[in-house]
Structure formats: C-alpha cells, structure tokens
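# Structural characterization, general
Letter by letter, the chains look like this.
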Amino acid sequence: MFKVFLVTGGAGFIGSALVRHLIADTDVTVVNVDKLTYAANLTSLADAGDSERHIFCHADVADRQKMRDIFAQYRPEAVLHLAAESHVDRSIDGPRDFIDTNIVGTYTLLEVAREYWNRLDAETHNRFRFHHVSTDEVYGSLGQTGFFTETTPYSPNSPYSASKAASDHLVRAWRETYGLPTVISNCSNNYGPYQHPEKLIPLVIHKVLEGEPIPVYGKGDNVRDWLYVEDHVQALLMIATRGKPGEVYNVGGENEKQNIEVVRAICSILDELKPGKGSHADLITFVEDRPGHDRRYAIDASKISAELGWQPAESFASGLRKTVSWYLDNQDWCRTAMKNYQGQRLGLKAAP
Ligand code: NAD
Ligand code: TYD
C-alpha cells in the first residue's frame, strides 16, 4: 500500500467517501486537493477531516504552480484524480467550467505529475500511479441490449461526458507518449450518503420531504446502472494499488433500473419511514426531457471482477434504504448543500 495519496475532489461526493475510508480504515496520509466549488462540502469529511493524516489544500487543479508546490511539499506516491464538474444538466446550461476543470485541469495535473514522477528515485518512480476517475457516460448511449466494455468506442453526447472523454484521452496519451503510469476507471451512476441534491436520488428525497412535485424527465424510462458509493471506493483502491499501468477498468453494479422504478422505490421507502396522507408517489410529475438524454447505460464489470477480484457488496434495495435513511437523519447537511441550489430545474437552456 502507498503511504501518501493525493486525492483531488476529496470534498465532493465520491472523493469524501474515499477520504473517509482511507482515514478510518488504513494508515495512509491523504493530501486532499479541492477547489471547494458549489458541489463541495467539508462537513462531508466527518471525523476524517480532523485527522492528522488528512491534509486539506484549497486549490484549483488547473493552477499549475499550486499543484507543483503541493507535489513538492507532500511527495505523493499515488494520485487519485476525482476533481471534476460532474452534473450533466449544469454542463448543458454552461459548459465552460467543464472545459476548464475536466480538460484543462486534468491536463495540468498530468503535466505536474509527469514532471514530479520524472525526478523520483527509482523505487518510488516504479511504484507511482496516476489513477484517473471517469464515467461510463463517455461511451454514449446503449439501445435495449448490450453492455459497455473497456473497448466500447467513445461516443459522448453531453458537454459533461465530452469533457470527461477528452480527459480520458489525455490520460491515455500521457501513458503512451511519456510513459506516465496511469490507470483509468469508468464507472456507472453512484448513489449514497453525501451526494449533492442536484442529482436524481437525493433530489427525489428532498422533493418528497418538501411535498413538492418530483420531476421525472421524459417518460421516466431511461435506464441507469446504479452502484453504491462505498462499493465504488473499494474498486478505486483496488485499481489504484493493483491495476496495471495503461489499463482501463469498467466499474458497475449490475443494477439496471428505469428512472421511474428508482423514483417509485424511494417513494415506497419514504411511505414507510415518513408516512404522509396518500402515497408519496402521487407527487411524481413527468416533465420536459433533458436535451440529448442518453437512453441507457449498463456496465460489463467482468474485467475488474476477474483481474482484481472486485464485487459490489451492496444490493440496490439495501443501498437505497441506507441512503434514504441517511438523508432523513442528516437534514442539516442537506440544508448546507442546498444553500446554493434550491431544487430548481437545470439543463433546459439548450432547448429551442
Ligand atoms: P462532485 O461534483 O460531488 O464533487 C466534485 C469535487 O471536485 C467537488 O468537491 C469540487 O469542489 C471539486 N472540484 C471541482 N472543480 C475543481 C477544480 N478545478 N480543482 C479542484 N477541485 C475541484 O462529483 P462526484 O460525483 O464525487 O464525482 C467525482 C468524480 O467521479 C468525477 O470525476 C466524476 O466525473 C466521476 N464519476 C462520478 C459518478 C457519479 O455518479 N457521481 C460516476 C462515475 C464517475
Ligand atoms: P443524474 O442524477 O443527473 O445523473 P446522470 O445524468 O449523470 O445519469 O440523472 C440520473 C437520471 O435521472 C437521468 O436519466 C436523468 C434523470 N433525472 C430526472 O428524471 N429528474 C431529475 O430531476 C434529475 C436530476 C435527473
């Protein structure tokens, strides 16, 4: 195991789950680089934030000098790059930040990592890893059948997925051209505690608790493949520590669900835990579809399973129940997260 990890985006949803795990369950030191955008929340770090092994650096990954200073000062043995603009609807309304962080930020980090790696002593140089955390959305949209594999051609449809695809290509090129020991993972939709309420699952919980209409895009028949965030964290650590340089690993939960099924499942858990007058499902409202809405995502995770022995521990039913209960018990966190987003519809600016 490495002793010092540099994690970018560690105040976000997946990054904070990774940092909490690294601090609670290992003895590594975590250098957490985060710009603290609207999507970040330092309270998501919980007790891990106060650990002596957690070093927080408020910085933009696109700031080359700051990244150089951070690498020079803390001497990481591995980088887990999660920092990104992550919400498709926001990328439709304003792609600029997605270009700046996801593409230029990744480029900057690659360059700084390369410069640093070239000067490492032989042993650390050989062990160093740059793990780029990406999404299955780079592959585009599936029809009724089939799965994304590591060799599926890229076909991104949203500004978000196009910016992540661009960053994946940069990472690949830095491996092929400069030999930087990179690994890439492409994961399906995550859910779990501390996810920003702009995303489907926490937004539905919020709408139910407020008694407001639940916005379901189009007919609600788009399919996503859901993975509990802690299962993703386990996969990330296996890939960062045991993945082969130059390889790509797809990560997914084999939990394909239509959006409407997910929304109904949340309503039924809340009918039980927070009963109202009728069923909360009465709040479901079909609204104008997302422009360029990808129809179906589904991951073939057989490579990571066969090569690294990864298997998700959580079923969708158990993970969703845990998630809903967590949001009910953590309304203070939600109120902080919602200071800069009040549940309004995003992503319609492209519509004619
Ligand atoms: P998130 O939006 O919750 O968090 C992103 C974090 O990155 C925030 O803390 C933010 O402040 C930080 N950040 C943004 N721009 C930055 C910059 N320029 N410099 C430094 N920090 C910056 O995102 P998430 O859902 O935790 O996703 C993390 C990563 O995983 C992303 O790269 C995303 O593309 C990828 N991913 C997410 C999912 C998912 O379902 N959420 C699925 C697959 C892959
Ligand atoms: P989202 O959580 O934004 O993730 P992604 O777009 O990266 O898959 O959305 C998940 C699915 O839910 C997607 O098909 C869009 C849909 N959706 C709604 O129907 N209503 C909503 O209010 C939101 C935010 C998403």
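One can find the structure itself at the top, above this paragraph.
Residues numbered from 1 in each chain as written. Chains lettered and ligands numbered in written order. Predicted model: local features only at pLDDT ≥ 70, side-chain atom pairs only at ≥ 80, totals over all residues. Heavy atoms only, no water.

## Topic: the site of ligand 2
The full set close to ligand 2 counts 16 residues, and E137, P215, R224, R290 and H293 are the nearest of them. Contact between ligand 2 and N189: an oxygen atom at 2.9 Å from a side-chain N or O atom of the residue. Y217 has a polar backbone atom sitting 2.9 Å from an oxygen atom of ligand 2. Relative to its unbound accessible area of 510 Å², ligand 2 is 96% covered by the protein chains. Among the elements of the structure, α7 (200–210) and β8 (214–217) are those that each provide at least two residues to the shell around ligand 2. Element by element, the count of residues in the shell around ligand 2 is highest for β8, at three residues. Looking at side-chain class alone, the shell around ligand 2 contains seven nonpolar, four polar and five charged residues. (Near = heavy atom within 4 Å. Polar contact = N/O pair within 3.5 Å; in protein donor to acceptor, adjacent residues only side chain to side chain. Areas by Shrake-Rupley, 256 points an atom, 1.4 Å probe, with all protein chains shown as cover. Helix = DSSP H or I, 4+ residues; strand = E, 2+ residues; numbered from the N terminus. Nonpolar A, V, L, I, M, F, W, Y, C, P; charged D, E, K, R; others polar.)

## Details of the site of ligand 1
Every one of the 28 residues lining ligand 1 counts as a neighbour, but I14, D34, S86, Y160 and K164 are closest to it. T101 has a polar side-chain atom sitting 2.9 Å from a nitrogen atom of ligand 1. Within the contact set of ligand 1, an oxygen atom lies 2.7 Å away from a side-chain nitrogen or oxygen of K164. For ligand 1, the accessible surface in isolation is 840 Å², of which the surrounding protein chains cover 97%.

## A look at the packing of helix α2 (residues 64–74) against helix α4 (residues 96–118)
Running from N to C, α2 and α4 cross one another at 40 degrees; their axes reach a closest spacing of 10 Å. It follows that α2 is oblique to α4 by the angle criterion. As for how α2 packs across α4, the hand of that crossing is right-handed. Listed contacts from α4 to R64, M67, R68 and F71 of α2 are Y107, T108, L109, E111, V112, A113, E115 and Y116. Residue composition of the contact of α2 with α4, by class: seven nonpolar, one polar and four charged. (Axes fitted to C-alpha atoms, helices over the stretch in contact; angles between N-to-C directions. Parallel < 35°, antiparallel > 145°, perpendicular 65-115°, else oblique. Left-handed = near helix turned anticlockwise from the far one by under 90°. Contact = heavy atoms within 4.5 Å.)

## Notes on the side chain of Q195
If you trace the backbone, Q195 turns up in the loop between β7 (190–191) and α7. The exposure class assigned to Q195 is buried, which follows from its relative accessible area of 7%. A polar side-chain atom of Q195 sits 3.4 Å from the main-chain carbonyl oxygen of N190. (Buried < 20%, exposed > 50% of the residue type's maximum accessible area, 1.4 Å probe, protein only.)

## Overview of unusual backbone geometry
Phi at L36 is positive, roughly 55 degrees, even though this residue is not glycine. Residue position: L36 is located in the loop between β2 (29–34) and β3 (54–58).

## Here we look at the packing of aromatic side chains
Evaluation of the coordinates by the stated rule reveals 17 aromatic pairs. A ring pair is formed by Y107 and W174, whose centres lie 6.1 Å apart and whose planes are at 85 degrees; its orientation type is edge-to-face. Note that Y107 is positioned in helix α4 and W174 in helix α6 (residues 159–178), a separation of 67 residues in sequence. Judged by its relative accessible area of 32%, Y107 is partly exposed. A ring pair is formed by Y191 and F316, whose centres lie 5.3 Å apart and whose planes are at 65 degrees; its orientation type is edge-to-face. (Phe/Tyr/Trp six-rings, centres within 6.5 Å; stacked < 30°, edge-to-face > 60°.)

## Examining the sheet that holds strand β11 (residues 248–251)
Taken in spatial order, the seven strands of this open sheet run β3-β2-β1-β4-β5-β6-β11, and their pairing is parallel. Taken across any chain shown, the strands that pair with only one partner, and hence form the sheet edges, are β3 and β11. Averaged over all pairs of adjacent strands, the angle between their axes in this sheet comes to 20 degrees, without regard to strand direction. With four bridges joining them, strand β6 (residues 182–187) and β11 adopt parallel strand pairing. Residue pairing for β11: I184 is matched across the bridge by V248. Those strands touched by α6 are β5 (129–135) and β6, and its axis lies near 155 degrees from that of β5. Helix α8 (residues 229–242) rests against β1 (4–8), β4 (78–81), β5, β6 and β11 of the sheet, and its axis sits at about 145 degrees to β5. (Pairing = 2+ DSSP bridges.)

## Comments concerning the environment of Y194
Here Y194 shows up in the loop between β7 and α7. Using a relative accessible area of 14% as the deciding quantity, one classes Y194 as buried. When residues no more than four places from it in sequence are discounted, the contact partners of Y194 are F13, S16, R20, T43, S44, A46, W326, Y327 and W333.

## Some points on the nonpolar core
Soluble, globular proteins show a tendency: their nonpolar side chains are buried together. Ranked by size, the top nonpolar core spans 28 residues in total, and within it I201, I214 and I266 carry the most contacts. Of all elements in the fold, only α7, β8, α9 (259–273), α11 (316–329) and α12 (331–337) reach the threshold of two or more residues within this core. It is α9 that contributes the most residues to this core, seven residues altogether. (Core = buried A, V, L, I, M, F, W, Y, C linked by side-chain atoms within 4.5 Å.)

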